[in-house]
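Chains, contacts and geometry: an overview
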Amino acid sequence: MTVAGFIGRLFRFRPLLFIINGLLWCIFHSLPLAIGIGMQWFFDRTTAGSNDYMWLAVPLIFIALVRMARVGTFFVAFYAWVTYLYHVQAILRTNMLAAIMRWPGRNLPASPGEAMSRFRDDVDEVVEYVESWVDFWGRLVFAVVSIVIMANINWQITLVAVLPLVVVTLLNNLSGNRARKYAQVNRESTGRITSFIAETFGAVQALKLGQAEENVSSRFNQLNEDRRQAALRDNLFKQWMRSMNQHVLSICTGLILLMCAAEMKAGNFTVGDFALFT
C-alpha cells in the first residue's frame, strides 16, 4: 500500500467525525476575523471624536460575544477531536497488533523495543498528520479572507506582511527531508535503548552468572549517549525552525509598524485599520 492510499483509507475511517472536526475547527480558526473587524469598528469610532458612548459599547459587546462563541466552539471542537483522535489511534494499533498475530511464527520484523516505539511514536505521528488536515481548512479560510480584507485596505502593507511568511513556508518545506531524517534517527535510537533494557531485564541471571554487569552498563551508557545526541539534533533543528518562524513574524510586525506609521501620517491609514492588521 502506498502512503497516499494509506492516508486515503485513514480519512475514510469515521468520515463523519472528520467532517465534524473540520467544520468546528474551521469556525474556531476563523472567528478571530470577526474580532479584528470589531476592533477596527471600535477604534475608528473612538478616533472619530463621537460623544455617543452607547455606540462605542456596541463593538465591545460584539467582540465579547465573538470571544465567548470562540471559547464555546473550542470546548465542543476539543471534545470532538479527542473522540476522533482515540478512534484513529485505536484502529491503527489494533491493525498493527492483528498484523503481528498473522505474521508467520508471530516473529517481529524488528526488536521488541523498536516495536514498542512504533506502536507509540509512529501512531502519534500519523495522528499529528491527520490533525494538520483538520486544522488546515480553518487556517486556509482565515488566511484567504485576511489577505483579501487587508489588500482592500492597503495592498503594499499586505505584501510586506505576506511575502516573508511565504519565504518561511518555502524554507520549512525545503528542510522537511532533514527534519524527517533527524526524527527517524531519534526514533531508531530510542528503539535500540528500549530493546536493550527489555533484553537486559530478561537475562538478569545470565548477566550475573557471567559477571557482565560492567559491560552491560558500558553498553547502556553508550546507547544513552547515542540517543542523547540524536534527540539533541532533532530538538535543536525543530527549535531552530520554530525560532526562525517567530523572528520572521517579529520582523514583519516591525516593518508593518513602520509602514503603518507613514501611511497614518499621510492620512491613508486609520487607527482601526492598524488594529485590524495587528
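Anything mentioned here points back to the structure above.
Keep in mind it's a predicted model, so treat the numbers as computed, not measured.

Of the regular secondary structure elements, the protein holds nine helices and zero strands. Ordered by position from N to C terminus, the α and β elements of the protein give α-α-α-α-α-α-α-α-α. Relative to its length of 278 residues, the protein is extended, with a C-alpha radius of gyration of 26 Å against a globular reference of 19 Å. Dimensions along the principal axes, computed over C-alpha positions, put the protein at roughly 90 × 40 × 35 Å. Going through the 278 residues of the protein one by one, you find that 29% of them count as buried. For the protein, the accessible area works out to roughly 18,100 Å², and carbon and sulfur atoms hold 66% of it. Within the protein, one finds 25 positive and 19 negative side-chain charges whose respective centroids are separated by 5 Å.

Time to look at the nonpolar core. Generally speaking, soluble globular proteins have nonpolar side chains that are buried together. If you look at the biggest cluster of nonpolar residues, it comprises 20 residues, and the most contacted ones within it are Leu10, Trp25, Trp81, Tyr84, Val88, Leu92 and Val127. Those residues in contact with Tyr84 that lie beyond four places of it in its chain are Leu10, Phe13, Arg14, Leu17, Phe18, Asn21 and Val130.

Below, the discussion takes up helix H8 (residues 213-265). The end-to-end C-alpha distance of H8 is 76 Å, a good match for the 78 Å that 53 residues give at a rise of 1.5 Å each. All buried positions along H8 are accounted for by Val216, Leu223, Ala230, Ala231, Asp234, Phe237, Met241, Met244, Val248, Cys252, Ile256 and Cys260. Next to the buried residues of H8 lie helix H5 (155-174), helix H6 (176-202), helix H7 (204-209) and helix H9 (271-277). Gly267, located one to two residues past H8, shows a positive phi value of around 85°.

Below, the discussion takes up the packing of aromatic side chains. Scanning the entire structure with this criterion turns up 17 aromatic pairs. An angle of 45° between the planes, with centres 5.7 Å apart, marks the rings of Phe28 and Phe74 as tilted. Of this pair, Phe28 sits in helix H2 (residues 15-47) while Phe74 sits in helix H3 (residues 53-102), placing them 46 residues apart in sequence. Taking relative accessible area as the criterion, Phe28 reaches 13% and is therefore assigned buried. On the accessibility criterion, Phe74 (30% relative accessible area) is partly exposed. An aromatic cluster of three or more residues is present, and its members are Phe11, Phe18, Trp81, Tyr84, Trp133, Phe136 and Trp137. One residue, Arg70, lies across the ring of Phe28, its end atom 4.0 Å from the ring centre.

Let us now look at the environment of Ala99. Here Ala99 shows up in helix H3. The partly exposed category is assigned to Ala99, whose relative accessible area is 33%. Distance in space between the C-alpha atoms of Ala99 and Asn186 is 25 Å, their sequence separation being 87 residues.

On to the environment of Ile149. By the element assignment, Ile149 lies in helix H4 (residues 112-153). Overall, Ile149 belongs to the partly exposed group, its relative accessible area being 23%. Sequence spacing of Ile149 and Leu33 is 116 residues, and the spatial spacing of their C-alpha atoms is 9.5 Å. Beyond its immediate sequence surroundings of up to four residues, Ile149 is in contact with Ile37 and Leu276.

Where H6 contacts H8, the axes come no closer than 9 Å and their chain directions differ by 155°. The orientation of H6 with respect to H8, classified from their angle, is roughly antiparallel. Between H6 and H8 lies a crossing of left-handed hand. In terms of residue class, the contact of H6 with H8 is made up of 13 nonpolar, five polar and seven charged.

What counts, and where the lines are drawn
- Residues numbered from 1 in each chain as written.
- Predicted model: local features only at pLDDT ≥ 70, side-chain atom pairs only at ≥ 80, totals over all residues.
- Heavy atoms only, no water.
- Helix = DSSP H or I, 4+ residues; strand = E, 2+ residues; numbered from the N terminus.
- Rg over C-alpha atoms; globule rule 2.2 N^0.38 Å.
- Buried < 20%, exposed > 50% of the residue type's maximum accessible area, 1.4 Å probe, protein only.
- Areas by Shrake-Rupley, 256 points an atom, 1.4 Å probe, with all protein chains shown as cover.
- Lys, Arg positive; Asp, Glu negative; His and termini not counted.
- Charge placed at Lys NZ, Arg CZ, Asp CG, Glu CD.
- Core = buried A, V, L, I, M, F, W, Y, C linked by side-chain atoms within 4.5 Å.
- Contact = heavy atoms within 4.5 Å.
- Expected span 1.5 Å × (residues − 1).
- Phe/Tyr/Trp six-rings, centres within 6.5 Å; stacked < 30°, edge-to-face > 60°.
- Lys NZ or Arg CZ within 6 Å of the ring centre and 35° of its normal.
- Axes fitted to C-alpha atoms, helices over the stretch in contact; angles between N-to-C directions.
- Parallel < 35°, antiparallel > 145°, perpendicular 65-115°, else oblique.
- Left-handed = near helix turned anticlockwise from the far one by under 90°.
- Nonpolar A, V, L, I, M, F, W, Y, C, P; charged D, E, K, R; others polar.

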